[in-house]
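Notes for the structure review
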Amino acid sequence: MKVFEKIFETCNFLKAIKARGVSVGFVPTMGALHRGHISLIEQSLKENDITVCSIFVNPIQFNKKSDLENYPRETSSDFQKLKLSGCDMVFTPSIDEMYPEPVNTQFDFGQLDKVMEGKHRPGHFNGVAIVVQKLFEIIMPDRAYFGEKDFQQLAIIQYLVKKNSIPVDIVPCPIIREDDGLAMSSRNVRLTSVERKEAPVIFQLLQQAREKFSSLPVEALIRLVKEEFNKHPLIKLEYFEIVDMETLQPVKKWNECKKIIACVAVHLGKIRLIDNIIFIS
């Protein structure tokens with residue numbers, strides 16, 4: 001497995017690869033890798049000649065300095081997991097390498113970033129888009145793989161690629177869960193043992209919502225789910241939204257949309273977790 005830290009060396013290596021007609025799959029990450037990330041690597045390995053993973057904790061997508069400082073960094077463990085997975089190359093740039101000068105780019109995502117994560121984390125998706133676009137320019141992948149747990153991020157990246165005619169296929173990959181249903185996340189390791197025992201409630205309530213959605217009006221279901229979350233004092237609900245999968249705008253009536261997803265964000269102790277479940281696809 002090749003490891004590169006410099007953009008120039010990475011570009012030169014990959015240009016030579018692409019010149020031979022070799023297909024490149026790409027999995028961008030912020031490290032602290034788990035089975036969810038590895039599932040993306042495995043999917044890329046099936047569909048491409050070369051698979052590249054990037055590890056870069058992107059400072060400009062964090063709203064809180066403390067969240068950036070506390071984000072888990074496990075480089076040696078990450079490298080070991082990537083080697084075992086069969087990943088061909090890792091790109092691990094420094095902040096100065098990625099951002100030698102201040103970045104002031106501002107993207108317009110229409111209404112996609114005005115709800116849910118975008119509403120509660122202003123500027124977050126602009127920071128995501130900046131780093132993803134730059135990584136695409138460096139890696140030049142044929143396909144890039146993103147997990148559906150960050151569903152709004154996935155929708156915004158798909159929009160970014162389409163609007164800017166970036167020549168890469170975005171491949172959505174299903175959420176990978178622990179045996180008890182908790183969506184895998186790098187933040188899960190920061191949960192206390194008590195919080196970890198409570199965490200499966202998030203997906204359990206999403207499943208209950210999906211089971212009941214056809215028998216209740218939208219507003220009534222949202223109200224019911226919020227009441228259920230309130231029964232769990234360790235969990236502080238930030239939002240529970242039922243939205244159109246394409247526009248991400250709130251659903252008012254079930255017959256308004258062909259594709260519907262429910263998205264949630266909670267605080268469990270000091271850790272913020274997100275999840276989602278598809279109602280209609």
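Look up: the structure comes first, before these words.
Throughout what follows, the structure given in this document is the object of discussion.

Cut-off values and rules
- Residues numbered from 1 in each chain as written.
- Predicted model: local features only at pLDDT ≥ 70, side-chain atom pairs only at ≥ 80, totals over all residues.
- Heavy atoms only, no water.
- Pairing = 2+ DSSP bridges.
- Helix = DSSP H or I, 4+ residues; strand = E, 2+ residues; numbered from the N terminus.
- Axes fitted to C-alpha atoms, helices over the stretch in contact; angles between N-to-C directions.
- 1 Å grid on protein atoms, 1.4 Å probe; cavity = no way out; pocket = protein on both sides within 12 Å on 5 of 7 lines; lining within 4 Å.
- Points joined across faces, edges and corners; volume = space filled by probe spheres on them.
- Nonpolar A, V, L, I, M, F, W, Y, C, P; charged D, E, K, R; others polar.
- Contact = heavy atoms within 4.5 Å.
- Buried < 20%, exposed > 50% of the residue type's maximum accessible area, 1.4 Å probe, protein only.

Some details on the sheet that holds strand β1 (residues 2-4)
In a beta sheet, neighbouring strands pair by backbone hydrogen bonds and run either parallel or antiparallel. Overall, parallel pairing links the six strands, which are arranged β1-β4-β3-β2-β5-β6 in an open sheet. The sheet is open, and its two edges are formed by β1 and β6 (169-173), each paired on a single side. Sheet twist, expressed as the average angle between the axes of neighbouring strands with direction ignored, equals 25 degrees. In terms of strand pairing, β1 meets strand β4 (residues 89-91) through three bridges, oriented parallel.

Quick word on empty space enclosed by the protein
Rolled over the atoms, a probe with the dimensions of a water molecule shows which regions are left empty. Under the counting rule described, the total for this entry stands at three cavities of 30 Å³ or more. Size it by volume and the largest cavity reaches roughly 950 Å³. In this structure, the largest cavity is lined by 47 residues; those nearest its centre are M30, H37, K149, D150 and Q153. For the lining of the largest cavity, the secondary-structure elements that each account for two or more residues are β2 (24-29), α2 (35-47), α6 (116-120), α7 (124-139), β5 (143-147), α8 (151-163), β8 (260-268) and β9 (271-280). At six residues, α7 tops the list of elements feeding residues into the lining of the largest cavity. Across the lining of the largest cavity, the residue classes tally to 25 nonpolar, 14 polar and eight charged.

Things to note about the sheet that holds β8
Across the sheet, three strands lie side by side as β7-β8-β9; this open sheet has antiparallel pairing. The two strands at the open ends of the sheet, each matched to only one other strand, are β7 (235-244) and β9. In this sheet, neighbouring strand axes are inclined to one another by 15 degrees on average, regardless of whether the strands run parallel or antiparallel. Bridge count between β8 and β9: nine bridges; the pairing is antiparallel. Counterpart to V264 in the pairing with β9 is D275. Those strands touched by helix α10 (residues 201-212) are β7, β8 and β9, and its axis lies near 20 degrees from that of β9.

Quick word on the pairing of β8
Across the nine residues of β8, eight count as buried, placing the element largely inside the fold. Pairing between β7 and β8: nine bridges, direction antiparallel. Bridged to Y239 within β8 is A265. Hairpin remark: β8 followed by β9, antiparallel, with two residues in the connecting loop; positive phi at G269, about 65 degrees.

Examining the layout of surface pockets
The calculated volume of the largest pocket comes to roughly 330 Å³. For the largest pocket, the lining is made up of 14 residues, of which K64, D67, H267, K270 and R272 are closest to its centre. Taken together, the elements giving at least two residues each to the lining of the largest pocket come down to α3 (65-70) and β9. When grouped by side-chain class, the residues that make up the lining of the largest pocket number one nonpolar, five polar and eight charged.

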